[in-house]
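Residue-level structural notes
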Amino acid sequence: MRIVVVSDHLVDAELHVDAPDGPVTIVRDRHGGPPYAWIATVEGPAVGTWHATFARAPACGGVALTTQDIAVGTHPGPVPGTPRTALWFTRAGWTPSLENLYSAWVEHMFDAPLDAAPTWNALHEVLRDRTRNFLFDHLGAAEDEQGVIVRPDCADLPYFLRAYFAYKLGLPFGWSRCSRGADGVPPVCGDFATQSNPFPPIDSKPQEPPAWADPKRSGTWESNVRRMGEFFRTTLADAVQSGAGRTPADDETGDYYPVSLSVETLRPGTIFADPYGHVLVVAKRLPQTATSGGVMLAVDGQPDGTVARKRFWRGNFLFAVDPALGAAGFKRFRPVLHDRMSGKWRHLANAELPDYSQEQYASGVEGFYDKMDDVLSPAPLDPTQALLETIDALEEQVKTRVNSVDNGRKFLASGKAAADMPDGAKIFETTGEWEDFSTPSRDLRLLIAIDVARAIPARVARRPERYAMPAGKTPDEVRTELAARLMRELRERKFKYVRSDGTDFELALQDVVDRETSLEMAYNPNDCVEARWGAPAGSDEVLPCKGHAPAAQVTKMTGYRSWFHERKRPPR
């Protein structure tokens, strides 16, 4: 039995769970904020009437804020049935409380200490973890014990999370088919589908449901768990892509809408869409303390199916204000409701959304990052601490790349034929082995991250009012000291990668910075791992290297090098 209390507002309170025979469980740990959550789990609850009370802490009077009786019987309750044409029966509508619950669920799913840098091989590993997923087997059908595979990439991840939550609670869910944008035209969306009508006409042409969704052609439809697995793997994964996150800020047909930049709006479950196609899901915010700046953590899916958590900083969260690319930035799902007048499901319009805002785009790129600094760390930051946290983020990004490049090493060692390399901007978005093992998007972000770390001393000097500047020192003096500390930290921070012969090789962050030119062409999975880390020709490091990209692919990479050198991915 799981009991979750959510609150929009900070309150000093605790959750009391009274068993039928008298023992009381008290939960004082508060998660998140906002929304805030208190979570109680009772293993093997006794039969009878339980009583849950959410009350102010004794120091605040102990007054009960809300109570609920919970009946525990001897047999499982009824399991929601399987509709013949819909994905699930819709039993409720989205409310502010359910949006809060969604945020609390996302945060609890991916929670871990700040220095843990957790990574999962696939989303289903998290969903099957009953300690993380408080909706585990919520429907009473052992639905999370059926071995369903859920492996989203970055654009799929927010949709998969939202769909899973909606499926569990019988809520509306919708998705659109969107373009990626091209030739100066931002993405546009259409062909809106919902849990009630998952196969609407496409381009005004009727769709034939796949076999798994057609009771006349398959028995799969009899099991909603199996159908959801097929829905994730095929229908939803095939329909959604990153263009959905970049529709214009005033668009009302897409699945997301932009929000203002504040503690209240940037809550778990909010997505961040960068202008070049990457999408992350906000998972947690840690407030500023006396010794550290505020932190925002987000999760993203990778082409190989892994899901990892990373912190907000300029090297991970790319932003641009360019109408040709659409509107990047922080966005939330546009709620879906049933329109009584038309009898159809629809998105809420912008005027119906209390937190709709175009604030992110008002002050340009620098204004966006300045505002995020102010939101995450309202009090002035210690300049040295700000530098160290930036280097921490760069180090985290490098170490995450180690795993991705190592997957490419294993692919190369398998003896398979060379991965096909797509043409032009499709190197960032294709499918198959190139998508699984190449790293052009990751490497472009890493190059940008190097620039960001290198620019921190100058950024502090540019905004001295934003930092707790040491007494008696000018901004130029602080910049000089920070530059020296940056060099020392880059030299001292080390990591290892596995070479082609299986041996470890150690590099410093400074090596990565020094090799930035080589990293402009280090994303090809047909190259040996040493080349992908920029090992100098003739060095001991490069000796085990045996694999090289085909000459035709090297020629194409040379032509695309300017994108990485200029840190500007082409519009798509």
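Let me sum up the structure you'll find in this document. (Residues numbered from 1 in each chain as written. Predicted model: local features only at pLDDT ≥ 70, side-chain atom pairs only at ≥ 80, totals over all residues. Heavy atoms only, no water.)

1. Looking at the sheet that holds strand β4 (residues 31-32)
Our working rule: Think of it this way: DSSP has to see at least two bridges between two strands before they count as a pair. Under the scheme used here, helices are H or I runs from DSSP no shorter than 4 residues and strands are E runs no shorter than 2 residues, and both carry numbers assigned from the N terminus.
The strand order β1-β5-β4 describes an open sheet built from 3 strands, whose pairing is antiparallel. Looking at which strands have only one partner, the edges of the open sheet turn out to be β1 (2-7) and β4. With 2 bridges connecting them, β4 and strand β5 (residues 36-41) associate as antiparallel partners. When the bridges of β5 are listed, glycine 32 appears paired with tyrosine 36.

2. Observations concerning the sheet that holds strand β2 (residues 13-18)
Using the following cut-off: As a rule, the C-alpha atoms of each element are fitted with a line to give its axis, helices using only the stretch in contact, and angles between N-to-C directions run from 0 to 180 degrees.
As summarised here, the arrangement of the 4 strands in space is β3-β2-β6-β7, forming an open sheet in which the pairing is antiparallel. One side of each edge strand has no neighbouring strand; the edge strands of this open sheet are β3 (24-27) and β7 (64-72). For this sheet, the mean inter-axis angle between neighbouring strands, taken without regard to orientation, is 15°. As defined by bridge partners, strand β6 (residues 48-56) adjoins β7 across 8 bridges and the pair is classed as antiparallel. Its bridge partner being in β7, threonine 49 is matched across the sheet by alanine 71.

3. Focus: the pattern of salt bridges
As a reminder of what qualifies: We define a salt bridge as a side-chain nitrogen of Lys or Arg found within 4 Å of a carboxyl oxygen belonging to Asp or Glu. Exposure categories follow from relative accessible area, calculated using a 1.4 Å probe and restricted to protein chains: below 20% of the type maximum is buried, above 50% is exposed, and the middle band is partly exposed.
Scanning all chains against the criterion turns up 44 salt bridges. Note that aspartate 8 is salt-bridged to arginine 267, the shortest N-O span being 3.2 Å. With aspartate 8 in the loop between β1 and β2 and arginine 267 in the loop between β11 (256-258) and β12 (271-273), this pair connects stretches of sequence that are 259 residues apart. Residue classification places aspartate 8 among the partly exposed positions, given a relative accessible area of 35%. Close ionic contact of aspartate 451 with arginine 567 constitutes a salt bridge, the shortest N to O distance being 2.8 Å. Taken together, the residues span a long stretch of sequence, with aspartate 451 in helix α8 (residues 440-462) and arginine 567 in the segment after α12 (551-565) at a distance of 116 residues. Given a relative accessible area of 27%, aspartate 451 falls into the partly exposed group. On the basis of relative accessibility, which here comes to 15%, the residue arginine 567 falls in the buried class. The network of salt bridges with common partners includes Arg314, Glu366, Asp370, Asp373, Asp374, Arg459, Arg462, Arg463, Glu465 and Arg466.

4. As for the side chain of aspartate 355
Heads up, the rule is: We define a polar contact as two N or O atoms separated by no more than 3.5 Å, with the added condition that, inside protein, one atom must be a possible hydrogen donor and the other a possible acceptor, whereas residues neighbouring each other in sequence contribute only through side-chain atom pairs. Here a residue-residue contact requires only that any non-hydrogen atoms of the pair lie within 4.5 Å.
Residue position: aspartate 355 is located in the loop between β20 (345-347) and α5 (364-376). Polar contacts involving the side chain of aspartate 355 include one to the side chain of tyrosine 257, which spans 2.8 Å. Separated by 3.0 Å, the side chains of aspartate 355 and arginine 332 make a polar contact. Other than its neighbours up to four places away in sequence, aspartate 355 contacts Tyr257, Pro258, Val259, Ser260, Thr265 and Arg332.

5. Description of the packing of aromatic side chains
Stated precisely, the cut-off is as follows: Pairs were defined over the aromatic rings of Phe, Tyr and Trp, the Trp ring being its six-membered one, requiring ring centres within 6.5 Å. Orientation was assigned from the angle between planes: stacked under 30 degrees, edge-to-face over 60, tilted for the rest.
Applying the stated criterion across every chain yields a total of 37 aromatic pairs. Ring centres 5.5 Å apart and planes at 85° place the aromatic pair tyrosine 159 and phenylalanine 333 in the edge-to-face group. Placement of the pair is tyrosine 159 in helix α3 (residues 156-169) and phenylalanine 333 in strand β18 (residues 329-333), with a sequence separation of 174 residues. Tyrosine 159 gets classed as buried once you look at its relative accessible area, which sits at 0%. The class for phenylalanine 333 is buried, based on a relative accessible area of 7%. Taken together, the ring pairs connect Phe272, Phe312, Phe317, Phe319, Phe330, Tyr361, Phe368 and Tyr369 into an aromatic cluster.

6. Some thoughts on the side chain of aspartate 137
On the secondary structure map, aspartate 137 appears in the loop between α2 (123-127) and α3. Setting aside its immediate chain neighbours within four residues, aspartate 137 contacts Arg2, Ala142, Glu143, Asp144, Glu145 and Lys168.

7. Focus: the pairing of strand β21 (residues 494-498)
Only one face of β21 is covered, namely the face carrying Phe495 and Tyr497; the face carrying Lys494, Lys496 and Val498 is uncovered. Linking β21 to strand β22 (residues 504-508), which pair antiparallel, is a turn of 5 residues; within it glycine 502 sits at a positive phi near 90°.

8. Comments concerning the environment of glycine 294
Within the fold, glycine 294 resides in the loop between β13 (279-286) and β14 (295-301). A sequence separation of 87 residues divides glycine 294 from leucine 381, and the C-alpha atoms of the two residues are 9.6 Å apart. Once residues within four sequence positions are removed from consideration, glycine 294 is found in contact with Leu286, Pro287, Gln288, Leu376 and Ser377.

9. A few points about helix α9 (residues 475-492)
Note the threshold: One less than the number of residues in a helix, times 1.5 Å, gives the span that helix is expected to have. Regarding the arc, it is the one traced by the directions from the helix axis to the C-beta atoms.
Taking 1.5 Å of rise per residue, 18 residues should cover 26 Å, and α9 covers 26 Å from first to last C-alpha, within 8% of that figure. Inspection of α9 places Val478, Leu482, Leu486, Glu489 and Leu490 among the buried residues, and these make up the whole buried set. In a view along the axis of α9, the buried residues occupy a sector of 100°, so they form one face of it. In α9, those exposed residues whose orientation departs by more than 90 degrees from the buried face are Thr480 and Glu492.

10. A word on the state of the cysteines
We count it as follows: Criterion for a disulfide: a pair of cysteine sulfur atoms at a distance within 2.5 Å.
Evaluated as defined, the whole model comprises 2 disulfides. Shown here is the disulfide that connects cysteine 178 with cysteine 189, its sulfur atoms set 2.1 Å apart. Since a negative S-S torsion denotes a left-handed disulfide, the cysteine 178-cysteine 189 link at about 100° is right-handed. Here cysteine 178, found in strand β9 (residues 174-178), pairs with cysteine 189, found in strand β10 (residues 189-194); they are 11 residues apart in sequence, far enough to count as distant. Cysteine 189 sits in the buried class, given a relative accessible area of 16%. One disulfide in the model links cysteine 528 with cysteine 545; its S-S distance is 2.1 Å. Disulfide cysteine 528-cysteine 545: torsion about the S-S bond near -95°, hence left-handed.

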